[in-house]
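Next come the chains, spelled out residue by residue.
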Amino acid sequence: MTEGDPDGRGDDADVADGDDADVTQSDRDEGAGDVEPLIADLLDGNHRALARTITKIENRSPGYRRLVSQLHAHTGHADVIGITGSPGAGKSTLVDKLAKAYRDRGLTVGVIAIDPASPFTGGAVLGDRIRMASNVGDMDVFFRSMSARGTLGGLSTATTDAVKALDAFGKDKILVETVGAGQNEVDIVRTADTVAVLVPPSSGDDVQMLKAGILEIADLFVVNKADLDGADRTVQELREMLQLRDGDVQVGGGHHGFEETTVDVGGGGEGRSGNGGGGGDSAADGPAVDDADAVEPWDPPIVETVANRGEGVDDFIDALAAHRSHLVESGRLESKARTRYAEEIRTLLREDVRGLLADEIEARGGLDEHVDAVLRRETDPYTVAEEILEPLADCVAERRE
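Here the structure is a predicted model, which is why all the values come from computation and not from measurement.

Conventions used here
- Residues numbered from 1 in each chain as written.
- Predicted model: local features only at pLDDT ≥ 70, side-chain atom pairs only at ≥ 80, totals over all residues.
- Heavy atoms only, no water.
- Pairing = 2+ DSSP bridges.
- Helix = DSSP H or I, 4+ residues; strand = E, 2+ residues; numbered from the N terminus.
- Axes fitted to C-alpha atoms, helices over the stretch in contact; angles between N-to-C directions.
- Contact = heavy atoms within 4.5 Å.
- Salt bridge = Lys/Arg side-chain N within 4 Å of Asp/Glu carboxyl O.
- Core = buried A, V, L, I, M, F, W, Y, C linked by side-chain atoms within 4.5 Å.
- Buried < 20%, exposed > 50% of the residue type's maximum accessible area, 1.4 Å probe, protein only.
- Parallel < 35°, antiparallel > 145°, perpendicular 65-115°, else oblique.
- Nonpolar A, V, L, I, M, F, W, Y, C, P; charged D, E, K, R; others polar.

Undergrad: What am I meant to see in the sheet that holds strand β7 (residues 302-304) here?
TA: Strand-to-strand pairing in sheets goes through backbone hydrogen bonds, with the strands running parallel or antiparallel. Strand order across the open sheet formed by seven strands is β3-β2-β4-β1-β5-β6-β7, with parallel pairing between neighbours. Among the strands making up the open sheet, the edge pair consists of β3 (141-147) and β7. For this sheet, the mean angle separating the axes of adjacent strands, direction not counted, is 20°. Where strand β2 (residues 109-115) meets β3, seven bridges bridge the pair, whose relative direction is parallel. Counterpart to Val111 in the pairing with β3 is Phe143. Relative to strand β4 (residues 173-177), helix α5 (residues 91-104) is tilted by about 175°, and along the sheet it contacts β1 (79-85), β2, β3, β4, β5 (194-199) and β6 (220-223).

What follows is the structure, encoded as C-alpha cells:
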C-alpha cells in the first residue's frame with residue numbers, strides 16, 4: 001500500500017499550513033514550470049509523482065491550479081465511492097476490506113481518508129492507516145490521509161482535486177472515507193458517484209440522527225458490526241424510515257430517482273448531486289426526466305457486514321455495482337457529473353471573488369477605517385460594501401460590454 005507522510009501531506013510539503021485565501025493568484029502562477037514533468041510522471045504510473053501531486057493540491061502550492069487543469073482531460077474513468085456515517089461505525093475497517101476485495105478482483109484502488117484537522121498544524125490527526133493493514137505493501141492500493149481543514153461537511157476543498165489526480169493516474173476505484181461528523185457529512189455527494197452510509201447497531205439514536213439530513217444522501221446503507229446485539233433492530237428501523245420517506249417525501253423532495261416526476265425540486269439546499277436536489281441552478285442540473293418508460297427510481301438497499309472479519313463485503317460490492325449500473329442505464333451518471341462540475345465552478349468563483357475582495361480591501365488600507373466610520377454612524381455596512389465593490393463591478397461591466 002502506497003502512503004503519504006504521517007500527517008497525510010506527502011514528502012514535499014513546501015508551503016506552510018493555511019487556507020487558500022493566503023495564496024494570491026500570482027503565487028499560484030509561480031512555480032508552474034515544474035508542472036509538466038510532474039504530470040508526465042503521474043500519467044506514466046509513478047506513485048511518488050502521485051503523492052507529490054496530491055501534496056501540492058492539498059497545500060495549494062504554487063502552480064497547483066495549472067496542475068489540476070491539465071489533469072482534467074485525463075479524468076472521467078474512475079468509479080468514486082463515498083463512505084460516510086457516524087464515528088465508530090467501522091468505516092476505516094470496511095474501507096480496508098473493500099479495497100482488498102477490489103484488489104482480489106484485479107482492480108486498482110485509491111483511498112482518501114478525510115481526518116479531522118489538527119488545531120496546531122492544520123494536517124490530519126487520526127491517521128486511519130493503522131486500520132488499513134490488509135493492503136500494506138500493495139503498490140496498487142494508494143492511501144492518503146487528508147485534513148478536513150475545519151469544513152463542516154468533513155471534506156476539504158482540495159479533496160475533489162485529489163480525486164481527479166487519482167482518476168487521471170488510472171485508479172479503477174476511488175474510495176473517499178469521510179470524517180464522520182453526523183448530519184453535516186453531506187459534502188461527499190459533490191464528489192462521489194455512490195454514497196454508502198454506515199450505521200452501527202444501536203439503541204436507535206444513530207438511526208434517529210439520520211433523519212436530520214444524512215438519510216437523504218445515501219445510495220445504500222451498511223449496517224456494520226452486524227454480529228452485535230441490536231443489528232436486526234437497526235435494519236428494521238432503517239427499512240421503516242425508507243418506507244416513510246418514500247410515502248411522504250417522494251413528490252417534490254426526494255432525490256433517488258424522484259426526478260422522474262415533473263415536480264421541480266430545485267432550491268432545497270445542497271441536495272444529492274444530480275438526483276433532483278442539486279441545490280444550484282436548475283439549468284446546470286440537466287433536464288428532468290418525465291418519460292413514462294424512464295428507469296425505475298433507485299431504492300437504497302441495506303447491506304449487513306462484519307467488516308473486521310470481511311463478512312458481507314461481497315454483498316456490499318454487489319450493491320455498489322448495482323447502483324453504478326443504475327446510474328449508467330438511467331443516464332444519471334452524466335447528469336451527476338454535469339451537476340458536480342457546475343457546483344465546482346461556483347465554488348471556485350466564490351474563492352476567487354473572495355480573494356479579489358481581500359486584495360481590494362488591503363489596497364484601501366484595510367477595514368479599520370471603515371469600521372470606525374460605521375461605529376461613528378457616519379456610514380453603514382451596506383454602503384461600505386457597495387463602495388468596495390463598485391470598482392470591481394465597473395470592471396466586470398466594461399468587460400461584458
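Undergrad: So what exactly am I meant to see when it comes to the pattern of salt bridges here?
TA: For side chains bearing opposite charge, pairing can occur when the charged atoms are close. By the definition in use, this model includes 18 salt bridges. Ionic pairing is found between Asp352 and Arg65, a salt bridge with its closest N-O pair at 2.5 Å. Highlighted residues: Asp352 in helix α10 (residues 332-363) and Arg65 in helix α4 (residues 64-72), separated in sequence by 287 residues. Several salt bridges share partner residues, and in doing so they unite Asp79, Lys173, Asp193, Arg324 and Arg340 into one network.

Undergrad: Is there a simple way to think about the nonpolar core in this case?
TA: One recurring pattern in soluble globular proteins is that nonpolar side chains are buried together. Core analysis: the biggest nonpolar cluster contains 44 residues, and Leu50, Ile54 and Phe221 have the highest contact counts within it. Broken down by element, this core gets its largest block of residues, seven residues, from helix α6 (residues 158-169). When sequence neighbours within four positions are dropped, the list of residues in contact with Leu50 reads Leu42, Phe142, Ala165, Leu166 and Phe169. Ranked by size, the runner-up nonpolar core spans 26 residues in total, among them Val109, Phe143, Ala196 and Val222.

Undergrad: Would you mind showing me how to read the pairing of β5 here?
TA: Side-chain direction in a regular strand flips from residue to residue, so the side chains alternate between the two faces of the sheet. Among the six residues of β5, six are classified as buried, and the element is accordingly described as predominantly covered. Here β5 shows no split at all, with Thr194, Ala196 and Leu198 on one side and Val195, Val197 and Val199 on the other all buried. With five bridges connecting them, β1 and β5 associate as parallel partners. Each bridged residue has a counterpart across the sheet, and for Ile81 the counterpart in β5 is Thr194. As defined by bridge partners, β5 adjoins β6 across four bridges and the pair is classed as parallel. When the sheet's bridge partners are listed, Val197 is paired in β6 with Phe221.

Undergrad: What am I meant to see in the packing of α5 against helix α9 (residues 313-330) here?
TA: The axes of two packed helices give the description: the angle between them and the distance between them. Viewed as axis vectors pointing N to C, α5 and α9 meet at an angle of 75°, and their least axial separation amounts to 10 Å. For the element pair α5 / α9, the angle class is roughly perpendicular. Residues Leu94, Lys97, Leu98, Ala101 and Tyr102 of α5 touch α9, and the partners they reach there are Val313, Phe316, Ile317 and Leu320. Among the residues forming the contact of α5 with α9, the class breakdown is eight nonpolar, no polar and one charged.

Undergrad: Is there a simple way to explain unusual backbone geometry in this structure?
TA: What is expected of a backbone is that most residues other than glycine have negative phi and most peptide bonds are trans. If you check the backbone angles, Arg60 has positive phi at about 55° while not being a glycine. Take Arg60: it is sitting in the loop between α3 (47-59) and α4. Arg60 gets classed as buried once you look at its relative accessible area, which sits at 6%.

Read these as geometric descriptors, not functional statements.
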